[in-house]
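# Inside the fold
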Amino acid sequence: MRILVVDDELSMREVLDILLTRAGYQVTTASSVERAIDVMTGPGTDLVVSDMKLGQGSGLEVLRAARALPAAPEVILITAYGTPETAVRAMREGAYGYIRKPIDNEELKALVQKALEKHEIVRENVALRSSLAPGTGNFWIGQSPSMRAVWALVEKVAASPRATVLITGESGTGKELVARAIHWKSARSGQPFVPVNCAALAEGVLESELFGHVKGAFTGATSDRAGLMVSAGEGTVLLDEIGDMPLPTQVKLLRVLQERRVKPVGSSAEIPFEARVLAATNKRLDAEVAAGRFRQDLLYRLNVIAVELPALRERPGDVEVLAKFFLAHHAEELGRPQLHFAPATLSILELYGFPGNVRQLQNIVERAATLSDGDRLEPNTLPPALRGEADTQAGSGELTLGTGFSLERHLDSAERRYLLEALRRSEGVKTRAAELLGLTFRSFRYRLAKHGLSEKEEPGS
Ligand SMILES: Nc1ncnc2c1ncn2[C@@H]1O[C@H](COP(=O)(O)OP(=O)(O)OP(=O)(O)O)[C@@H](O)[C@H]1O
Ligand SMILES: [Mg+2]
């Protein structure tokens with residue numbers, strides 16, 4: 001990680017250079033605003049630590065120049081004691097943080113580390129972010145092997161012009177986001193993306209929405225109206241909650257997909273359409289077929305390409321990156337860029353089962369950010385249900401037995417918690433972690449694999 005130190009005083013540059021180099025960073029120094037801009041416009045500065053007073057210039061100028069760069073580095077400003085207004089101003093202009101003189105080394109190192117963590121999260125996602133539509137505020141976060149695989153599939157699917165895609169996954173796993181990504185990454189991205197909720201509309205209304213109707217087809221049909229399949233042009237139609245589509249509509253849809261023509265309600269003429277059709281559901285359609293609620297022929301037709309989103313609890317490592325990403329987002333919105341998680345809070349999140357998946361995590365993080373008085377989000381900012389579960393796992397607090405209790409599940413999550421904690425304390429050194437747990441290396445490795453944590457020990461593998 002590369003840090004640029006900007007200060008007009010040679011002695012300060014030296015002190016900061018030594019401090020940060022010892023902490024393991026690559027440090028460059030500059031003595032003026034102009035020199036700083038020269039360095040920053042070159043490749044690869046991740047963070048700028050600048051004094052606010054720079055001879056004739058000001059740290060604010062460095063900050064503005066940094067913010068204007070395409071891969072904007074984070075900026076930390078050093079302010080003189082007793083000038084709170086400039087510090088506030090700097091934060092408003094987008095500084096990551098500030099530190100007061102005289103500098104407390106530990107405080108500076110902690111702030112630097114947090115700033116770089118944020119930079120890393122943002123940077124890791126730049127490639128993917130730029131592939132989603134600009135200005136939508138939609139990003140795709142995930143680094144677990146299963147989500148990387150999903151992303152690779154999305155890219156392939158987007159490149160095929162017409163194939164129907166069925167997106168499945170529990171509620172809140174990101175099905176709609178995947179649908180939008182397929183659209184944005186495809187040649188159709190300049191055309192409309194039209195989501196239709198098949199569960200929300202009654203049969204007749206749904207059919208007229210999708211296929212259109214002619215004047216007089218039913219009471220209230222005072223003029224001809226094109227359906228969404230046609231008015232989407234060469235865009236993309238998402239048939240959301242398709243598992244809830246009424247059976248008679250399913251029959252018509254199958255025909256429509258086969259012929260690539262729609263027949264508006266009340267009309268006998270068929271109209272061709274160009275849009276690509278995507279479908280999403282949180283139901284298991286094979287089970288729906290078995291129960292007689294979904295047509296097998298339609299399932300075959302939709303299922304040409306299937307994208308299955310794994311539940312969040314099955315994506316080791318993603319909870320943490322997603323949580324940090326959502327927090328960075330809220331912190332920005334709240335104007336509190338210093339917000340960060342206490343390690344205990346992150347461990348509780350990592351252990352939680354998230355029945356509501358990514359959406360639930362998003363809500364939990366937003367709530368925690370809003371409730372927190374300080375900059376550090378402590379476990380007490382999490383909903384009681386999560387904390388309660390963690391207490392029980394840790395062995396303190398009341399043991400709750402009864403409906404829904406499963407000893408197996410609790411032992412399992414306790415085991416996972418200990419494995420993660422040992423890895424954290426041993427900084428990923430497996431032999432040391434095994435020792436901490438009183439396990440043989442073999443048994444430790446076996447348990448890691450069982451919990452899908454094997455990749456945690458070797459980041460980047
Ligand atoms: N990989 C991800 N990276 C970033 N944000 C995500 C990711 N997956 C989901 N989200 C966010 O989580 C929320 C829920 O996602 P989405 O609406 O796509 O889920 P869904 O599967 O359609 O849920 P439902 O079945 O309830 O309709 C959205 O705000 C979405 O932006
Ligand atoms: Mg959805």
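Here's what I pulled together on the structure shown here. Owing to the predicted nature of the structure, the values given are computational and were not obtained by experimental measurement. (Residues numbered from 1 in each chain as written. Chains lettered and ligands numbered in written order. Predicted model: local features only at pLDDT ≥ 70, side-chain atom pairs only at ≥ 80, totals over all residues.)

Burial analysis of strand 1 (residues 2-6) places four of its five residues in the buried class, the great majority of the element. As paired strands, strand 1 and strand 2 (residues 26-30) are joined by five bridges and run parallel to one another. By the bridge assignment, Arg-2 is partnered in strand 2 with Gln-26. As a crossover connection, the stretch from strand 1 through helix 1 (residues 10-22) into strand 2 is right-handed. Pairing analysis gives four bridges linking strand 1 to strand 3 (residues 47-51), with the strands arranged parallel. Pairing of Val-5 across the sheet is with Val-49, part of strand 3. (Buried ≥ 20, exposed ≤ 12 C-beta atoms within 10 Å, placed from the backbone. Helix = DSSP H or I, 4+ residues; strand = E, 2+ residues; numbered from the N terminus. Pairing = 2+ DSSP bridges. Right-handed = clockwise from strand over helix to strand, strands pointing away.)

Before going further, it helps to spend a moment on the sheet that holds strand 6 (residues 74-79). Spatial strand order, 2-1-3-6-7: five strands in an open sheet with parallel pairing. Looking at which strands have only one partner, the edges of the open sheet turn out to be strand 2 and strand 7 (97-100). Each adjacent strand pair in this sheet contributes to an overall mean axis angle of 20 degrees, direction not counted. On top of the sheet, helix 1 reaches strand 1, strand 2 and strand 3; it is set at about 170 degrees to strand 2, its chief contact. (Axes fitted to C-alpha atoms, helices over the stretch in contact; angles between N-to-C directions. Contact = placed C-beta atoms within 7 Å.)

Here we take up the nonpolar core. Grouped together as the largest cluster of nonpolar side chains are 43 residues, with contacts concentrated most on Ile-167, Ile-182, Met-229, Val-237, Leu-278 and Ala-279. If sequence neighbours within four positions are ignored, Ala-279 has contacts with Leu-166, Ile-167, Leu-239, Ile-242 and Leu-302. In this structure, Val-5, Val-33, Ala-36 and Tyr-98 belong to the second largest nonpolar core, which totals 31 residues. (Core = buried A, V, L, I, M, F, W, Y, C linked by C-beta atoms within 7 Å.)

Moving on to helix 14 (residues 318-334). Across its 17 residues, helix 14 extends 24 Å between first and last C-alpha, which sits within 8% of the 24 Å expected from 1.5 Å per residue. Turning to helix 14, its buried residues number three or more, namely Asp-318, Val-319, Leu-322, Ala-323, Phe-326 and Leu-327. An end-on view of helix 14 places all buried positions within 150 degrees of arc, on one side of the element. In this structure, the buried residues of helix 14 make contact with helix 7 (145-159), strand 17 (340-341), helix 15 (343-351) and helix 16 (357-371). Downstream of helix 14 by a residue or two, Gly-335 has a phi angle that is positive, lying close to 65 degrees. (Expected span 1.5 Å × (residues − 1). Arc of directions from axis to C-beta.)

Taken together, the neighbourhood of ligand 1 is formed by 17 residues, with Ile-141, Gly-174, Lys-175, Glu-176 and Val-358 sitting nearest. Taken together, the residues that form the shell around ligand 1 break down as five nonpolar, nine polar and three charged. Taken domain by domain, the shell around ligand 1 gets at least three of its residues from each of domain 2 (142-310) and domain 3 (317-381). (Near = placed C-beta within 6 Å. Nonpolar A, V, L, I, M, F, W, Y, C, P; charged D, E, K, R; others polar. Domains from an automatic or database assignment.)

Counting through the fold element by element, Arg-13 comes out in helix 1. Separated by 18 residues in the primary sequence, Arg-13 and Ser-31 have C-alpha atoms spaced 8.0 Å apart. Excluding its chain neighbours within four sequence positions, the residues that come into contact with Arg-13 are Val-5, Asp-7, Thr-29 and Ser-31.

With that out of the way, let us pick up the packing of helix 14 against helix 15. The contact between helix 14 and helix 15 brings their axes to 9 Å, and the two run at 125 degrees. In this view, helix 14 runs oblique relative to helix 15, as classed from their interaxial angle. With respect to the hand of their crossing, helix 14 and helix 15 are arranged in right-handed fashion. For the pair helix 14 and helix 15, the contacting residues are Val-319, Glu-320 and Ala-323 in the first and Leu-346, Leu-349 and Glu-350 in the second. (Parallel < 35°, antiparallel > 145°, perpendicular 65-115°, else oblique. Left-handed = near helix turned anticlockwise from the far one by under 90°.)

On to the sheet that holds strand 12 (residues 236-240), then. Sheet architecture is open: five strands sit in the order 9-12-15-8-16, paired in parallel fashion. If you trace the sheet from one side to the other, it starts and ends with strand 9 (193-197) and strand 16 (305-308), each paired once. With direction set aside, neighbouring strand axes in the sheet form an average angle of 20 degrees. Bridge count between strand 8 (residues 165-168) and strand 15 (residues 276-281): four bridges; the pairing is parallel. Following the sheet pairing, Thr-168 is matched in strand 15 by Thr-281.

Interpretation note: all reported values are geometric properties and have no functional meaning in isolation.
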